[in-house]
Amino acid sequence: MIKFTEDYLTGIPEIDKEHKQLFVLLEQADEQVRNGADIRTTGMQLLNGLKDYAATHFAHEEAYMESIDDPELPRQRVAHKAFIDRLEHTNFVGMPDDTMRDAVIDLLNYMSHWLMHHILGSDTLIGKTKSPFAFTDEYRTGIELVDSEHKKLFDIMGRVNALLHNEDLYDRFDEIVELINELKDYTQFHFTDEEKLMEEYHYSGLEAQKKAHKGFIDELDKIDLDAVDDNQEAYLSDLLEYLLRWLTHHILGMDKKIKDER
């Protein structure tokens, strides 16, 4: 049975605390099996404890990863689902004691192996990789209104990316249309705010900004919803690549100059 050591620390207090609790649960069940405790009580306590753990810890872990735009979240969700599926396919009811003892040991071995590989191979990476859709300091212009609205655009792109990697959805068309419409509406809103601000600053690059904004809006208006429906995954990938490339180039190459003329 594996023990919790510093090798398993992620550096995220809540996640580390919950991981330690799972190690304790497995260690206690293993000790009870080796000491000849009632196997039916041990097995049911272990199974129920694992189910409770999965219901709370995975929700906490995924919410944290979502809050930091961790690009590994889709992969984590797949791993968590495998853990939950294993528990759902485990049923000790009606088993003879000898058979149940073997089943409990098998479950303990599976969970120990899963936990070791999952924490070391996945959980220790949480927060260590940057999502391309994270609004980081490099994109800040120093103008609060502009930065907050840029962050919203990055958030929309992040949701498009999450939709792209949502393996539970076969048909994403309605969600794609909803996000495209939200993107169009918010882009218009943002560009109006930004141009009004530049007018107040008497910004010399206003006309160039207006042309860039119009070009971006024209590209969004060209979106063919029939083409979207024909190949949703490919279309989303191409759209994300274009949005990210345009927005980062525009912010770094044009918007960051606005504050210089305040």
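Draft legend 1. The arrangement of the nonpolar core in detail. Phe-154, Met-157, Leu-243 and Leu-247 are the most contacted members of the largest nonpolar core, which has 30 residues in total. Elements represented by at least two residues in this core include exactly α5 (144–164), α6 (173–201), α7 (206–221) and α9 (232–253). A total of 8 residues in this core trace back to one element, the largest contributor, which is α9. Leaving out residues up to four positions away in the same chain, Leu-247 has contacts with Leu-153, Phe-154 and Met-157. Counting 27 residues, the second-largest nonpolar core is a separate cluster that includes Leu-47, Ala-54, Ala-79 and Leu-87.

Draft legend 2. Spotlight on unusual backbone geometry. Backbone geometry at His-202 places phi at a positive 55°, although glycine is not the residue there. By relative accessible area, which is 69% here, His-202 ends up exposed.

Draft legend 3. Region of interest: the packing of helix α1 (residues 13–34) against helix α4 (residues 97–121). Direction vectors running N to C along α1 and α4 enclose 150°, while the axes themselves pass 11 Å from each other. Between α1 and α4, the interaxial angle falls into the category roughly antiparallel. The crossing of α1 and α4 is left-handed. Contacts between α1 and α4 involve His-19, Leu-22, Phe-23, Leu-26, Ala-29, Asp-30 and Val-33 from the former and Arg-101, Val-104, Ile-105, Leu-108, Met-111, Ser-112, Leu-115 and Ile-119 from the latter.

What counts and how
Residues numbered from 1 in each chain as written. Predicted model: local features only at pLDDT ≥ 70, side-chain atom pairs only at ≥ 80, totals over all residues. Heavy atoms only, no water. Core = buried A, V, L, I, M, F, W, Y, C linked by side-chain atoms within 4.5 Å. Buried < 20%, exposed > 50% of the residue type's maximum accessible area, 1.4 Å probe, protein only. Helix = DSSP H or I, 4+ residues; strand = E, 2+ residues; numbered from the N terminus. Contact = heavy atoms within 4.5 Å. Axes fitted to C-alpha atoms, helices over the stretch in contact; angles between N-to-C directions. Parallel < 35°, antiparallel > 145°, perpendicular 65-115°, else oblique. Left-handed = near helix turned anticlockwise from the far one by under 90°.

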